[in-house]
2 protein chains.
Amino acid sequence: MVEAKEISRAVIKRLPRYYRYLGELLEENVERISSNDLSKKMKVTASQIRQDLNNFGGFGQQGYGYNVKYLYTEIGKILGLDTRHPMIILGAGNLGQALANYVDFEKRGFKLVGIFDVNPVLEGIAVRGIEIQMLSELPLFLKEHLVEIAVLTLPKNRAREMADMLIENGVKAIWNFAHVDLDTPDDVIVENVHLSESLMTLSYNLSQYRQEHVEK
Amino acid sequence: MVEAKEISRAVIKRLPRYYRYLGELLEENVERISSNDLSKKMKVTASQIRQDLNNFGGFGQQGYGYNVKYLYTEIGKILGLDTRHPMIILGAGNLGQALANYVDFEKRGFKLVGIFDVNPVLEGIAVRGIEIQMLSELPLFLKEHLVEIAVLTLPKNRAREMADMLIENGVKAIWNFAHVDLDTPDDVIVENVHLSESLMTLSYNLSQYRQEHVEK
């Protein structure tokens, strides 16, 4: 396997996008692609692509291009997609259920093993074959099952206490959709999706564009 | 109003987070806060905070600290949250409905005016008082209503054609949750939320952490 440690953060940040495009090429049965063709598709320069992908060793030969499947597989390994990640979702509202229903996650190794909520009305309802359990059952569940990733789609007032409980029970990564910053030890990975902040960025760009074009 | 154009991109990217913390302080009836106290809350250095917030003119005086409400309001204006943004959602699945149900968006000026889907089973079902309409009715709707932002929570195979139609009909901003990059003209603002890529980043950080700690 390629040694991931040598690769810069900047390249790493671009990997999921390469992975997505290579996946689409695979679906279209494309076996190889030149950096120029990939450049046109992805709207980054061919030299950026060559530089980025050169990190992954001896492919991308002159006159041949990149082997799509090999590159896809190698990038997948670097992203940790070649192993199974047992995952639970806390909060079975619309967002939690939307995430539970993404079949693509499962294809990439993110295996949903439990869904939890506080709302008794939801108890026992199955989402993709997994019955929603009550949050009160979670500590026991964590003792009996290996869970690596917890997805937090709870209201922000519950998110912090839940994060503490998850960490106490050995969960190592939190995908946080709650609108708070979590306070976690160094050995716990947190990835935040702050939807409001994304919408505000859009709104900022919109106002900014208008301001610039009205002023002219 | 503060002149936003002088402020660097790096500061702008941090504004939604300031806005969130200031909003929380307001809810707690905090009238003023020192850069040191804000620093402890937000886990950035006080000097970073002073530098960032100095962009917004003459507040943050020695011995007084920042006026929370004033700063919150000014940052809100820069983010374009002082105006009403009529918004529609295309795709009334779980994710679309989750976004439709976020009352916080409406408080910040993002006013939901329509929800559309292709699934006839959903037609007429109300989400927060707004009845789901069929996508076929959208072109007419856009002619009769002012819509600024469209939220795309459609499958990726429909997202591109929908984006084209929206742009033809004058929509100026797209909040894109579909797993594709949209091809849009310069005067259309696109903000992407690629959830799979966020999850892959989490998975990468997890593998990386393990590798480093197993190797030691």
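Computed from a predicted model, the values in this text were never measured in an experiment.

Draft legend 1. Region of the structure containing the relation of the copies chain B and chain A. When chain B is brought onto chain A, the operation consists of a screw motion whose angular component is 180° and whose axial shift is 0.0 Å, with 0.0 Å RMSD remaining. These values place the two chain copies in the arrangement generated by a two-fold rotation axis. Interface overlap between copies: 100% of the residues of chain B at the interface are likewise at the interface in chain A, consistent with a symmetric, same-surface contact.

Draft legend 2. Spatial organisation of the sheet that holds strand β6 (residues 130-134) of chain A. Residue and element names in this part refer to chain A. Reading across from one edge, β5-β6-β4-β3-β7-β8-β9 is the order of the seven strands in this open sheet, with mixed pairing throughout. Pairing within the sheet leaves two strands with one partner each, and these edge strands are β5 (126-127) and β9 (189-192). Two elements, strand β8 (residues 173-176) and β9, share four bridges in a ladder whose sense is parallel. Within the sheet, the bridge partner assigned to Asn176 lies in β9 and is Asn192. Across the sheet, helix α8 (residues 156-168) is in contact with β3 (85-90), β7 (149-152) and β8; its angle to β7 comes to roughly 170°.

Draft legend 3. Spatial organisation of unusual backbone geometry. Residues and elements named next belong to chain A. A positive phi is found at Lys43, a non-glycine position, where the angle reads about 55°. Relative to the helices and strands, Lys43 is located in the loop between α2 (35-42) and α3 (46-54). Positive phi values are uncommon outside glycine, yet Arg128 reaches one of about 45°. On the secondary structure map, Arg128 appears in the loop between β5 and β6.

Draft legend 4. Looking closely at the sheet that holds strand β9 (residues 189-192) of chain B. One open sheet accounts for seven strands, arranged β5-β6-β4-β3-β7-β8-β9 (chain B); its pairing is mixed. Bordering the open sheet on either side are β5 (126-127) and β9 of chain B, each of which pairs with just one other strand.

Draft legend 5. Seen up close, the domain arrangement of chain A. Assigned domains within chain A: domain 1 (4-78) and domain 2 (85-197). Inter-centroid distance (C-alpha atoms) of domain 1 of chain A to domain 2 of chain A is 32 Å.

Draft legend 6. Geometry of helix α4 (residues 68-78) of chain B. Those residues of α4(B) not exposed but buried are B:Val68, B:Leu71, B:Tyr72, B:Glu74, B:Ile75 and B:Ile78. Positive phi shows up at B:Gly80, right after α4(B), with a value of about 75°.

Draft legend 7. Local environment of the packing of α2(A) against α3(A). All names here are of chain A. The interhelical angle for the contact between α2 and α3, taken along N-to-C directions, is 110°, at an axis separation of 8 Å. As summarised for this structure, α2 and α3 are arranged roughly perpendicular, according to the angle between their axes. Here the hand of the crossing between α2 and α3 comes out right-handed. In this structure, α2 contributes Ser35, Asn36, Leu38 and Ser39 to the contact, and α3 contributes Ala46, Ile49 and Arg50.

Draft legend 8. Seen up close, the confidence of the model for chain A. All names here are of chain A. Residues with a pLDDT of 70 or more make up 94% of chain A, whose mean pLDDT is 90. Overall, residues 1-5 carries pLDDT values under 50, and its contacts beyond four positions in sequence, including any with other chains, amount to seven contacts. For this predicted complex, the interface confidence score (ipTM) comes to 0.90, while the overall pTM stands at 0.90.

Conventions we followed
- Residues numbered from 1 in each chain as written.
- Chains lettered and ligands numbered in written order.
- Predicted model: local features only at pLDDT ≥ 70, side-chain atom pairs only at ≥ 80, totals over all residues.
- Least-squares fit on C-alpha atoms with pLDDT ≥ 70 in both.
- Contact = placed C-beta atoms within 7 Å.
- Pairing = 2+ DSSP bridges.
- Helix = DSSP H or I, 4+ residues; strand = E, 2+ residues; numbered from the N terminus.
- Axes fitted to C-alpha atoms, helices over the stretch in contact; angles between N-to-C directions.
- Domains from an automatic or database assignment.
- Buried ≥ 20, exposed ≤ 12 C-beta atoms within 10 Å, placed from the backbone.
- Parallel < 35°, antiparallel > 145°, perpendicular 65-115°, else oblique.
- Left-handed = near helix turned anticlockwise from the far one by under 90°.
- pLDDT = per-residue confidence, 0-100.

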